[in-house]
Structures are given as structure tokens and as C-alpha cells.
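This is what each chain is made of:
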Amino acid sequence: MNSTLSHGDYLYISLTAEPDYGDIVVIERPENDIIKRVIAKGGDSLYMEGGVVYIMYSGSDEYVMLEESYVSAENNTPSENNFEEVTVPEGDIYVLGDNRDNSSDSRYYGCFSVESVVGVVTDWSLKYKSFFTAVHILEVNRQLDKYNN
């Protein structure tokens, strides 16, 4: 999810929110949980060509280019980021990482059931992630100081 998220960032998630287009979600997997962005939902069809996602929303009859301001060009090599058309089953979501060049997401695992979503990252948490991360680091350092003194 670079550059949106970095290793060590602290965020809050809503355990009750339903995942929607563009949301960042935590998905439970047997090996490890993953954090990815919701690109498509049940009934949608999509494909990627030249690093660009094209989506046909459920009920529509034409593909549109997905605007993704969160994906930076340096993390999205056009010649490597392609996939054939996929139709998302009802009750599932299709997720991609913002760092398209180095992301294990639905391109590798397939669609995920909505039930596998642990939570949705809150917008306010994402907006203030630097603050939450700094507070957490400060608290960890305080606890280490107590322990070492």
C-alpha cells in the first residue's frame, strides 16, 4: 500500500462498516491479514491494461477507466500490471494494493468474500495517521524508559 501506508503506521478500523469502492480494508487470511483497497464489488467486471483499471459496474453495459489518484506512477509499471477480465461474484470484493508493482492482492488470491473483511480503515484515521503513529511510538518509548530505569 506504499505510498498511502507505510510499515509501522497505526490506524483505526470500523468493525461494522460495509466495504465500499475506494475503501481501504483489512482482510483476514489464514496465513496473515492483508490491507488493500476495494476496487470492485459483486456483479462488477474489470480488467487491467497498461497499469490502468477498467471497470464495468453492475447494471452498466460499458467499461470506464478507474480514476486512481492514490496509485503513483513509480509503483505501477504499465507493462507488468495487466490482468484479464474478471467478474466479481455476488458477496465478494476485488482488492488491489496501491503499490501495484509489489502487491499480493486479488490478482494473486482472487476475490475475497465480504465476510473475510475484518474492518474498514476510517477516513479520519487515515487523515491523522502520522499523529496516531507518533503517539504510539511516544508511548512505546515511555514504557521502554520505565522498564530500563
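The preceding data block contains the structure.
Read on for a plain summary of the structure. Everything quoted here is computed from the prediction, not taken from an experiment.

What counts as what
- Residues numbered from 1 in each chain as written.
- Predicted model: local features only at pLDDT ≥ 70, side-chain atom pairs only at ≥ 80, totals over all residues.
- Heavy atoms only, no water.
- Helix = DSSP H or I, 4+ residues; strand = E, 2+ residues; numbered from the N terminus.
- Buried < 20%, exposed > 50% of the residue type's maximum accessible area, 1.4 Å probe, protein only.
- Contact = heavy atoms within 4.5 Å.
- Areas by Shrake-Rupley, 256 points an atom, 1.4 Å probe, with all protein chains shown as cover.
- Core = buried A, V, L, I, M, F, W, Y, C linked by side-chain atoms within 4.5 Å.
- Patch = residues over 30% accessible without salt bridge, like charges linked within 9 Å, V, L, I, M, F, W, Y side chains within 5 Å.
- Salt bridge = Lys/Arg side-chain N within 4 Å of Asp/Glu carboxyl O.
- Pairing = 2+ DSSP bridges.
- Polar contact = N/O pair within 3.5 Å; in protein donor to acceptor, adjacent residues only side chain to side chain.

### Structural notes on the overall build of the protein chain
Reasoning step 1: Secondary structure assignment for the protein chain yields three helices and ten strands.
Reasoning step 2: Beginning at the N terminus, the succession of helices and strands in the protein chain can be written as β-β-β-β-β-β-β-β-α-β-β-α-α.
Reasoning step 3: Across the 149 residues in the protein chain, those meeting the buried criterion constitute 40%.
Reasoning step 4: Counting contacts in the protein chain only where the partners sit at least 6 residues apart, residues at least 24 apart contribute 61% of the total.
Reasoning step 5: Accessible area of the protein chain: about 8900 Å², with a carbon and sulfur share of 50%.

### Here we look at the nonpolar core
Reasoning step 1: I39, A40, L46, M48, V53, I55, L66, F83, V88, Y94 and L96 form the largest nonpolar core, which has eleven residues in total.
Reasoning step 2: Sorting the residues of this core by element identifies β3 (34–41), β4 (45–49), β5 (52–56) and β8 (92–96) as the ones contributing at least two each.
Reasoning step 3: Judged by nonpolar contacts, the second largest core, of nine residues, contains V25, V38, F112 and V117.

### Looking at a nonpolar patch on the surface
Reasoning step 1: A contiguous nonpolar surface patch, about 350 Å² in accessible area, is contributed by Y12, W124 and Y128.
Reasoning step 2: Within the secondary structure, Y128 is located in the loop between α2 (123–127) and α3 (129–148).

### With respect to the sheet that holds β4
Reasoning step 1: Strand order in the open sheet formed by four strands is β6-β5-β4-β7, with antiparallel pairing between adjacent strands. The sheet is open, and its two borders are formed by β6 (64–65) and β7 (83–87), each paired with just one other strand.
Reasoning step 2: The pairing of β5 with β6 spans two bridges and is antiparallel. When the sheet's bridge partners are listed, Y54 is paired in β6 with M65.

### As for the side chain of R29
Reasoning step 1: Relative to the helices and strands, R29 is located in the loop between β2 (24–27) and β3.
Reasoning step 2: What makes R29 buried here is its relative accessible area of 14%.
Reasoning step 3: Within the structure, R29 has its side chain in polar contact with the side chain of E31 (distance 2.6 Å).
Reasoning step 4: Looking at R29, its side chain comes within polar contact range of the side chain of Y109, at 3.5 Å.
Reasoning step 5: When sequence neighbours within four positions are dropped, the list of residues in contact with R29 reads I34, Y109 and F112.

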